[in-house]
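# An overview of the molecular structure
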Amino acid sequence: MRVGSMFCGIGGICLGFKQAGADLVWANEIDKYACVTYRNNFGDGFLTEGDIRKIDLDSIPNFDILTAGFPCQPFSVMGNQQGFADPRGTMYYEILRVIDKIKPQIVFLENVKNLVQHDTGRTFITIYNTLAERGYGVKYSVQGAHTHANIPQIRDRIFIAAFLDHEKLEKFSFPDEIPLTKKISDVINFNNTANENFYYRESNKYYKTLNNRMTDKYAIYRIDDSGVAKRAWKICPTLKANMGTYPDRVPLIHDTSGIRKLTPSNCLALQGFPEEYLFPKIPVDEIYKQLGNTVCVPVIRRIARRLFAVMCCVLHNNNL
């Protein structure tokens, strides 16, 4: 299956589809640092860097599946929820422009789970109707890293699968939940030490409070709007893009050398990326922003396998 990807970021969706057997033929991203990371891991053969509104649609190759993790901030409960009134929210209509040009067999969209409730449901109805007007049948599901990928991170996202072939739509179903058996310590080695820059030392204003509250040595803690949260997380709270803007928002652990932030490698593991995925030399705040903006790769891979099974008319079991 040939896949094109919009708003590809560092390639979380692309990687999940690639792991499922897809042929990536085109991708687009406007963020220059995300493009550097993407090229570092996927090469430079098919990434188009730039504003999708300024890209000549005739330059886009044909593909079978269009994927798009379109900007989520306008619809998130953590943002101002202006939706389509936010310039980032209007990026959805750029997806429609590409659909009208390419007419892919499947459109696969990802966003925050609040998309369904946003503006009392009117936003989702608009998305549903604009796809239906183009002949697509639609199914959607909220899937989480800890509920559908055996990854100990709370990361629930809505996924929309739209098919031109309605018979194949009827055969498609999203993956069921699977048990969470992994603990944080299965993903992060608490005995490993990190670069000194990731540690909280006595000069930090949170140091004393962190040492008093971080009593569970195999849990994750975080600092929120009220200060150091009293709650210990047995699985990682949602990794957010604001980790890049506010360095203290990176979740914390207590390893053998002290209290520190999760490293980029830790965050990649909690997003299900393989060890061979590497960040280039870019500012660390950009890395954390990218980590908060990406997706849990195994969740994508499971859904992609379902999509391919239906498109290839292969019967599948419920644990794909």
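Residues numbered from 1 in each chain as written. Predicted model: local features only at pLDDT ≥ 70, side-chain atom pairs only at ≥ 80, totals over all residues. Heavy atoms only, no water.

The secondary structure content of the chain amounts to eleven helices and eleven strands. A compact globule built from 320 residues should have a C-alpha radius of gyration of about 20 Å, and the chain, at 20 Å, falls within 12% of that. Considered along the principal axes of its C-alpha atoms, the chain spans approximately 60 × 45 × 40 Å. Counting across all 320 residues of the chain, residues that qualify as buried make up 54%. Taking as baseline every contact in the chain between residues at least 6 positions apart, the subset at least 24 positions apart corresponds to 69%. Split by element, the accessible area of the chain, about 14,500 Å² in all, is 48% carbon and sulfur. Here the chain holds 39 positive side-chain charges and 33 negative ones, and the gap between their average locations is 5 Å. (Helix = DSSP H or I, 4+ residues; strand = E, 2+ residues; numbered from the N terminus. Rg over C-alpha atoms; globule rule 2.2 N^0.38 Å. Buried < 20%, exposed > 50% of the residue type's maximum accessible area, 1.4 Å probe, protein only. Contact = heavy atoms within 4.5 Å. Areas by Shrake-Rupley, 256 points an atom, 1.4 Å probe, with all protein chains shown as cover. Lys, Arg positive; Asp, Glu negative; His and termini not counted. Charge placed at Lys NZ, Arg CZ, Asp CG, Glu CD.)

One pass over the structure, following the stated rule, counts 16 salt bridges. Across the salt bridge formed by Glu-49 and Arg-39, the nearest N and O atoms sit 3.1 Å from each other. Residue Glu-49 is located in strand β3 (residues 47-49), and its partner Arg-39 is located in helix α2 (residues 32-42); the two are separated by ten residues in the primary sequence. Owing to a relative accessible area of 38%, Glu-49 belongs among the partly exposed residues under this scheme. A salt bridge links Asp-100 to Arg-134, with the shortest nitrogen-to-oxygen separation between them at 2.7 Å. Within this pair, whereas Asp-100 is found in helix α3 (residues 91-102), its partner Arg-134 is found in the loop between α4 (122-132) and β6 (137-144), the two being separated by 34 residues in sequence. Connected via shared salt-bridge partners are Asp-31, Glu-286 and Lys-289. (Salt bridge = Lys/Arg side-chain N within 4 Å of Asp/Glu carboxyl O.)

A few words now on helix α1 (residues 12-19). The buried count for α1 comes to six of eight residues, which makes it a mostly enclosed element. Buried within α1 are the following residues: Gly-12, Ile-13, Cys-14, Leu-15, Gly-16 and Phe-17. Those residues of α1 that are buried are in contact with β1 (2-6), β2 (23-29), α2, β4 (65-68), β5 (106-112) and α11 (297-311).

A few words on the environment of Phe-172. For Phe-172, the location among the structural elements is in the loop between α6 (166-171) and α7 (184-187). The exposure class assigned to Phe-172 is buried, which follows from its relative accessible area of 1%. Through-space distance from the C-alpha of Phe-172 to that of Arg-301 is 15 Å; in sequence the pair is 129 residues apart. If near-sequence neighbours (up to four positions away) are discounted, Phe-172 is found in contact with Lys-139, Ala-161, Phe-163, Ile-303, Arg-306, Leu-307 and Val-310.

In spatial order, the strands read β3-β2-β1-β4-β5-β7-β6; together these seven strands make up an open sheet with mixed pairing. Strands at the two margins of the open sheet, each flanked by one partner only, are β3 and β6. Geometrically, the sheet is characterised by an average inter-axis angle of 15 degrees between neighbouring strands, direction not taken into account. Pairing geometry for β6 and strand β7 (residues 156-163), over eight bridges, is antiparallel. If you follow Gln-143 over to β7, its bridge partner there is Arg-157. In the packing of α1 onto the sheet, contacts are made with β1, β2, β4 and β5, and the angle to β4 comes to roughly 145 degrees. Sheet strands in contact with α11 are β4, β5, β6 and β7, and its direction is about 15 degrees off that of β7. (Pairing = 2+ DSSP bridges. Axes fitted to C-alpha atoms, helices over the stretch in contact; angles between N-to-C directions.)

Right, let's talk about α4 for a bit. Within α4, the full set of buried residues consists of Thr-123, Phe-124, Ile-127, Thr-130 and Leu-131. Burial along α4 is one-sided: seen end-on, the buried residues are contained in an arc of 135 degrees. On the buried face of α4, the contacting elements are α3, β5, β6 and β7. (Arc of directions from axis to C-beta.)

Attention now goes to the nonpolar core. In this structure, Phe-17, Tyr-38, Phe-163, Leu-262 and Leu-307 are the most contacted members of the largest nonpolar core, which totals 62 residues. Considering each element in turn, this core owes the most residues, nine residues, to α11. One finds Val-25, Ile-60, Tyr-92 and Tyr-136 within the second-largest nonpolar core, a separate group that totals 30 residues. (Core = buried A, V, L, I, M, F, W, Y, C linked by side-chain atoms within 4.5 Å.)

For the coordinates displayed, the defined rule picks out 14 aromatic pairs. Residues Trp-26 and Phe-63 carry aromatic rings whose centres are separated by 6.2 Å and whose planes lie at 10 degrees to one another, so their mutual orientation is stacked. With Trp-26 in strand β2 and Phe-63 in the loop between β3 and β4, this pair connects stretches of sequence that are 37 residues apart. An identical accessibility class is assigned to Trp-26 and Phe-63; each is buried. When the ring of Phe-70 is compared with that of Tyr-92, the centres are 5.7 Å apart and the planes differ by 50 degrees; the resulting orientation is tilted. Residue Phe-70 is found in the loop between β4 and α3, and its partner Tyr-92 is found in helix α3; the two are separated by 22 residues along the sequence. Grouping residues by exposure puts Phe-70 and Tyr-92 together as buried. Grouping aromatic residues by their ring pairs yields a cluster made of Phe-17, Phe-108, Phe-159 and Phe-308. Sitting above the plane of the Trp-233 ring, Arg-231 keeps its charged end 3.8 Å from the centroid. (Phe/Tyr/Trp six-rings, centres within 6.5 Å; stacked < 30°, edge-to-face > 60°. Lys NZ or Arg CZ within 6 Å of the ring centre and 35° of its normal.)

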